[in-house]
Amino acid sequence: MKALLLENIHPLAVEVLTDRGYEVELLDRSLDHDELVEKLQGVSLLGIRSNTHVSAEALDAAPDLKAVGCFCIGTNQIDHAHAAERGIAVFNAPYSNTRSVVELVIGEIIMLARRLAEKTEKMHAGIWDKSAKGSHEIRGRVLGIVGYGNIGTQLSNLAEALGLTVIFYDTADRLAHGNAQRKRTLDALLEEADVVSLHVDGRPGNAGLFGAEQFAKMKPRSLFINASRGMVVDTEALRDHIVSGHIAGAALDVFPIEPKAQGDVFESPLKGLDNVILTPHVGGSTQEAQEEIGYFVANKLAGFHQQGRTELSVNLPTVGAPELHSGVRLGYLHDNLPGVLAEVNQLLADSGANVTGQYLATVRQQGYAVIDIDGEVPEDVVAKLAGSEHCQWVRTWHAPQA
């Protein structure tokens, strides 16, 4: 069993997978399409972060691939639908680095409000600039959060504890935390916020969400932060509004085009601007977060490949089956149609199989049944299920030997 981990994933993931019996190859960079296709030959599990794109063509070129793990929050770099059609499970770490991203944003709000990036740059240049000009407390300021999911809500809680007034905008129906107030439109938020922080996902509809029109509607001398997705923001438009003085400062951790490997040249129209903080996509890059992500996603990958468990899969029906400690497990991914499960149960009953547990979930066009059996699964049952016109795949797993 082979696992390929890209983009400098935490060594704990290697340890977890090695202990589960995998031969692991770890690379510290992303791969382009052709390199990825070549590397995927014979690979059962693929681990990536945000900079490797897994297309339908790449999935089709990897006949042995069973699951892809995103060792990050976002999964838009993978063709979900095609992976589902192939029965390839996709996992991510939706909560593991939330705190790390929020702490970065809180720090950036304070740094921008106090213009600390300029102060430290001058000190390194030997210039003593002891002045309060342009430096403000964040207490009493209005923070506008665009995207009120896991990160947005935790940012809301911490910001309010620091004395910020929080408003938010989200297209989904989200429950306000603490004293935060929902704004019905993005424009309403922009008109009121002293700081705007983006926390939206990478769905195609969010591309170009924030451009010249949105920056123009922000309050004069307000601050802007993007720690979500690079393609959301028009960086040329942001530059124009910073140079004009309309935007007083900005912090960006993500960019439309990012280098593929450590040490590669970084280019951006925002380089060299005063009170602009640029960081290399490190919002979730703390030792604590990366260790937790490495452990969590590696176990999800192995749990699916070795026991058929799909808890928290983002593209297959999620079946919360317990770990298999005895007997045999049958996994059946099938078309979501009436009567399929009855057909499975009838086959098992006719064979005399003793079913000890059964778990089922459906999503869109797919259904997934996990059935635990005391003893062997009759070969004719597996053959009949595999030959069904509704079968996408059928697999069996034996409990680990004591």
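See the structure shown above.
These lines cover the structure that appears in this document, whether it is placed above or below.

About the thresholds
Residues numbered from 1 in each chain as written. Predicted model: local features only at pLDDT ≥ 70, side-chain atom pairs only at ≥ 80, totals over all residues. Heavy atoms only, no water. Helix = DSSP H or I, 4+ residues; strand = E, 2+ residues; numbered from the N terminus. Contact = heavy atoms within 4.5 Å. Buried < 20%, exposed > 50% of the residue type's maximum accessible area, 1.4 Å probe, protein only. Core = buried A, V, L, I, M, F, W, Y, C linked by side-chain atoms within 4.5 Å. Patch = residues over 30% accessible without salt bridge, like charges linked within 9 Å, V, L, I, M, F, W, Y side chains within 5 Å. Areas by Shrake-Rupley, 256 points an atom, 1.4 Å probe, with all protein chains shown as cover. Salt bridge = Lys/Arg side-chain N within 4 Å of Asp/Glu carboxyl O. Phe/Tyr/Trp six-rings, centres within 6.5 Å; stacked < 30°, edge-to-face > 60°. Lys NZ or Arg CZ within 6 Å of the ring centre and 35° of its normal. Pairing = 2+ DSSP bridges. Axes fitted to C-alpha atoms, helices over the stretch in contact; angles between N-to-C directions. Parallel < 35°, antiparallel > 145°, perpendicular 65-115°, else oblique. Left-handed = near helix turned anticlockwise from the far one by under 90°. Nonpolar A, V, L, I, M, F, W, Y, C, P; charged D, E, K, R; others polar.

1. Digging into the side chain of glutamine 366
Here is step 1: Mapped onto the secondary structure, glutamine 366 falls in strand 15 (residues 366-373).
Here is step 2: Ignoring anything within four residues of it in the chain, the contact list for glutamine 366 reads Ala84, Glu85, Asn315, Leu316, Pro317, Leu333, His334, Asn336, Ala361 and Gln392.

2. A word on the side chain of histidine 241
Here is step 1: Tracing the backbone shows histidine 241 in helix 10 (residues 235-243).
Here is step 2: Exposure remark for histidine 241: the relative accessible area of 15% places this residue in the buried category.
Here is step 3: Contacts of histidine 241, omitting those with residues within four sequence positions, involve Ala212, Phe215, Ala216, His246 and Ile247.

3. Side note on the nonpolar core
Here is step 1: Grouped together as the largest cluster of nonpolar side chains are 30 residues, with contacts concentrated most on Leu17, Leu45, Ala67, Phe71, Leu301, Phe304 and Tyr368.
Here is step 2: Elements with a minimum of two residues in this core: strand 1 (2-5), helix 1 (11-19), strand 5 (89-91), helix 11 (287-307), strand 15 and strand 16 (391-398).
Here is step 3: The dominant element in this core, judged by the number of residues it contributes, is helix 11, at six residues.
Here is step 4: Counting residues in each nonpolar core, the second largest holds 27 residues, with Ala193, Phe215, Ile247 and Val276 among its members.

4. A closer look at a nonpolar patch on the surface
Here is step 1: On the surface, a cluster of nonpolar side chains totalling about 290 Å² of accessible area is made up of Ile110, Met111, Leu116 and Leu162.
Here is step 2: Secondary-structure assignment places leucine 116 in helix 6 (residues 116-124).
Here is step 3: Look at leucine 116 and you get partly exposed, because its relative accessible area is 34%.

5. Focus: the packing of aromatic side chains
Here is step 1: Taken as a whole and judged by the stated rule, the model has eight aromatic pairs.
Here is step 2: When the ring of tyrosine 148 is compared with that of phenylalanine 168, the centres are 3.7 Å apart and the planes differ by 10°; the resulting orientation is stacked. Placement of tyrosine 148 in the loop between strand 6 (142-146) and helix 7 (150-161) and of phenylalanine 168 in strand 7 (residues 165-169) is noted, with a sequence separation of 20 residues between them. Take tyrosine 148 and phenylalanine 168: they sit in the same class, and that class is buried.
Here is step 3: Ring pairs connect the aromatic residues Phe91, Phe304, Tyr368 and Trp393, which therefore count as one cluster.
Here is step 4: In this structure, arginine 395 is placed above the aromatic ring of tryptophan 393, and the distance from its NZ or CZ to the ring centre is 3.7 Å.

6. Regarding the pattern of salt bridges
Here is step 1: The final tally for this structure, using the stated rule, is 19 salt bridges.
Here is step 2: Its salt-bridge partner being glutamate 25, residue lysine 39 comes within 2.5 Å of it at the nearest N-O pair. Taken as a pair, lysine 39 in helix 2 (residues 33-39) and glutamate 25 in strand 2 (residues 23-26) lie far apart in primary sequence, 14 residues in all.
Here is step 3: For aspartate 129, the salt bridge identified is with lysine 122, shortest N-O distance 3.0 Å.

7. Here we look at the pairing of strand 2
Here is step 1: Both strand 1 and strand 2 contribute to a ladder of four bridges, which runs parallel. By the bridge assignment for strand 2, leucine 5 is matched with leucine 26.

8. Here's the deal with the sheet that holds strand 10 (residues 222-226)
Here is step 1: If you trace the seven strands from one edge of the open sheet to the other, you get 8-7-6-9-10-11-12, paired in parallel fashion. Each of the sheet's edge strands pairs with one partner strand only, and the pair in question is strand 8 (181-182) and strand 12 (276-278).
Here is step 2: Where helix 7 meets the sheet, its contacts fall on strand 6, strand 7 and strand 9 (195-198), and the angle it forms with strand 6 comes to roughly 170°.
Here is step 3: Against the sheet, helix 10 contacts strand 10, strand 11 (247-252) and strand 12, and its axis sits at roughly 145° relative to strand 11.

9. Details of unusual backbone geometry
Here is step 1: Located in the positive-phi region is arginine 221, a residue other than glycine, with phi close to 65°.
Here is step 2: Tracing the sequence through the fold places arginine 221 in the loop between helix 9 (212-217) and strand 10.
Here is step 3: We note that leucine 312 has phi near 70°; this positive angle belongs to a residue other than glycine.
Here is step 4: By the element assignment, leucine 312 lies in the loop between helix 11 and strand 13 (328-335).
Here is step 5: Under the relative-accessibility criterion, leucine 312 is labelled partly exposed at 38%.

10. Notes on the sheet that holds strand 4 (residues 67-70)
Here is step 1: Pairing is parallel in the open sheet, where five strands are placed in the order 2-1-3-4-5. Since the sheet does not close on itself, it has two edges, and those belong to strand 2 and strand 5, each with one partner. Within this sheet the neighbouring strands show an average axis-to-axis angle of 15°, counted without direction.
Here is step 2: With three bridges joining them, strand 4 and strand 5 adopt parallel strand pairing.

11. Describing the packing of helix 12 (residues 340-351) against helix 13 (residues 379-386)
Here is step 1: Relative to each other, helix 12 and helix 13 sit at 160°, their axes nearing to 10 Å. If you check the angle between helix 12 and helix 13, you find them roughly antiparallel. As for how helix 12 packs across helix 13, the hand of that crossing is right-handed. Contact with helix 12, carried on its side by Val344, Leu347, Leu348 and Ser351, involves Val381, Lys384 and Leu385 of helix 13 and no other residues of that element.

12. Some thoughts on the environment of leucine 301
Here is step 1: Structurally, leucine 301 is set in helix 11.
Here is step 2: The buried category is assigned to leucine 301, whose relative accessible area is 0%.
Here is step 3: Sequence spacing of leucine 301 and glycine 320 is 19 residues, and the spatial spacing of their C-alpha atoms is 14 Å.
Here is step 4: Beyond its immediate stretch of four places on either side in the chain, leucine 301 contacts Leu45, Leu46, Ala67, Val68, Gly69, Phe71 and Phe91.

13. Considering the packing of helix 5 (residues 98-114) against helix 7
Here is step 1: Following both chains from N to C, one finds helix 5 and helix 7 inclined at 50°, their axes separated by 9 Å at the closest point. Put simply, helix 5 runs oblique to helix 7. The hand of the helix 5/helix 7 crossing is right-handed. Two secondary-structure elements touch here, helix 5 through Thr98, Arg99, Val101, Val102, Val105 and Ile106 and helix 7 through Asn150, Ile151, Gln154, Leu155, Leu158 and Ala159.
Here is step 2: Across the contact of helix 5 with helix 7, the residue classes break down as eight nonpolar, three polar and one charged.

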